[in-house]
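# Observations on chain architecture
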Amino acid sequence: MAQLRATLQGPPDVETRRTLKQLAREFPGALRELDSLPTDEIERRLSALEGGGDEPWMRWMARFHTLMRAALQMRARPDEAAELARGAGVDEAFAAAVKSPAHGRLMVVVFDRIAVEEGGERGALWDALFPPRKGPRGYRRS
């Protein structure tokens, strides 16, 4: 991500768009992370990861990617939602929430689940991973 940030200057070319699409498929939310985090925070996170750190955001982000990937797959293949939910380590209630997410946003469903698993507050977790870019958003809060 740090390398992408360093090379992104103006509209992406065809190869860069292909790279961004692949990154988004593997790690849903990575492009939002790229857009919302300042370069110094991307570099700090990279350094912490490479240094074998154990910061809470690392666990939250890994779980976010797993849950968002599952939610997107459930939307694309609703007949397989229960199986996809089990594969992501969640119950059918998560799959049901994906069908009709609060505020119409899958991110709310994902962060609600992370908040339950981590014993935190949806908005605080969301803000830690993806700092707000456009001011307060009601759907980020519980």
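Here the residue numbers are simple positions, counted from 1 along each chain's written sequence. Thresholds applied to this predicted model are a pLDDT of at least 70 for local features of residues and 80 or more for the giving and counting of side-chain atom pairs; totals over whole chains, interfaces and linings are not thresholded and use all residues. The basis for the side-chain values is all heavy atoms of the structure; hydrogens and waters are excluded.

The helix and strand labels rest on DSSP assignments: H or I over at least four residues marks a helix, E over at least two residues marks a strand, and numbering proceeds from the N terminus. Residue position: arginine 133 is located in the segment after helix 9 (122–129). The contact definition used throughout considers only heavy atoms, calling two residues in contact when any of these lie within 4.5 Å. Ignoring sequence-local partners within four residues, the contact set of arginine 133 consists of Arg32, Asp35 and Ser36.

On to the confidence of the model for the chain, then. The pLDDT score gives, residue by residue, the confidence of the prediction method on a 0 to 100 scale. Taken over all residues, the pLDDT of the chain has a mean of 88, while the share at 70 or more is 96%. Least confident of the elements in the chain is helix 1 (residues 2–7), whose mean pLDDT is 76; most confident is helix 8 (residues 106–118), at 95.

Working definition: a ring pair exists when centres of Phe, Tyr or Trp rings (six-membered ring for Trp) sit within 6.5 Å. Plane angles under 30 degrees give stacked, over 60 give edge-to-face, the rest tilted. Under the defined criterion, the tally for this structure stands at four aromatic pairs. Taking the centre distance of 6.3 Å and the plane angle of 85° together, the rings of phenylalanine 111 and phenylalanine 130 count as edge-to-face. A residue pair is termed long-range when its members are at least 10 positions apart, and phenylalanine 111 in helix 8 and phenylalanine 130 in the segment after helix 9 qualify at 19 residues. Partly exposed describes any residue whose relative accessible area lies between the buried limit of under 20% and the exposed limit of over 50%, with all areas from a 1.4 Å probe on protein chains only and scaled to the type maximum. For phenylalanine 111, a relative accessible area of 0% puts it in the buried group. Members of the aromatic cluster, joined through ring pairs, are Phe64, Phe111, Trp126 and Phe130. The ring of tryptophan 57 has arginine 45 sitting right over it, with the charged end atom 4.9 Å from the ring centre. Charge-over-ring contacts are defined here by two conditions on Lys NZ or Arg CZ: a distance within 6 Å of the ring centre and an angle within 35 degrees of the ring normal.

In this model, histidine 103 sits at a positive phi of 60°, which is unusual for a non-glycine residue. Relative to the helices and strands, histidine 103 resides in the loop between helix 7 (92–99) and helix 8. A residue is classified by how much of its surface remains accessible, and histidine 103, at 56% relative accessible area, is exposed.

The term salt bridge refers to a side-chain nitrogen of Lys or Arg lying within 4 Å of a carboxyl oxygen of Asp or Glu. Within the structure shown, the criterion is met by 10 salt bridges. For arginine 59, the salt bridge identified is with glutamate 118, shortest N-O distance 2.9 Å. Taken as a pair, arginine 59 in helix 5 (residues 56–76) and glutamate 118 in helix 8 lie far apart in primary sequence, 59 residues in all. Ionic pairing is found between aspartate 112 and arginine 122, a salt bridge with its closest N-O pair at 2.6 Å. Of the two residues, aspartate 112 is situated in helix 8 and arginine 122 in helix 9; the sequence distance between them amounts to 10 residues.

A word on the packing of helix 7 against helix 8. Between helix 7 and helix 8, whose axes approach to 9 Å, the crossing angle comes to 160°. One way to sum up the angle between helix 7 and helix 8 is to call them roughly antiparallel. In this structure, helix 7 meets helix 8 at a crossing whose hand is right-handed. Side by side, helix 7 and helix 8 meet where Ala93, Phe94, Ala97 and Val98 of the first sit next to Leu106, Val109, Val110 and Arg113 of the second. Polar here means any residue other than Ala, Val, Leu, Ile, Met, Phe, Trp, Tyr, Cys and Pro, which are nonpolar, and Asp, Glu, Lys and Arg, which are charged; Gly is therefore polar. Here the residues of the contact of helix 7 with helix 8 sort into seven nonpolar, no polar and one charged. Axes, fitted as lines to C-alpha atoms, cover a helix only where it is in contact. Angles between the N-to-C directions of the axes lie from 0 to 180 degrees. Angular relationships are summarised with four words: roughly parallel below 35 degrees, roughly antiparallel beyond 145, roughly perpendicular across 65 to 115, and oblique for the angles in between. Left-handed describes a crossing in which the near helix is turned anticlockwise from the far one by less than a right angle; the clockwise case is right-handed.

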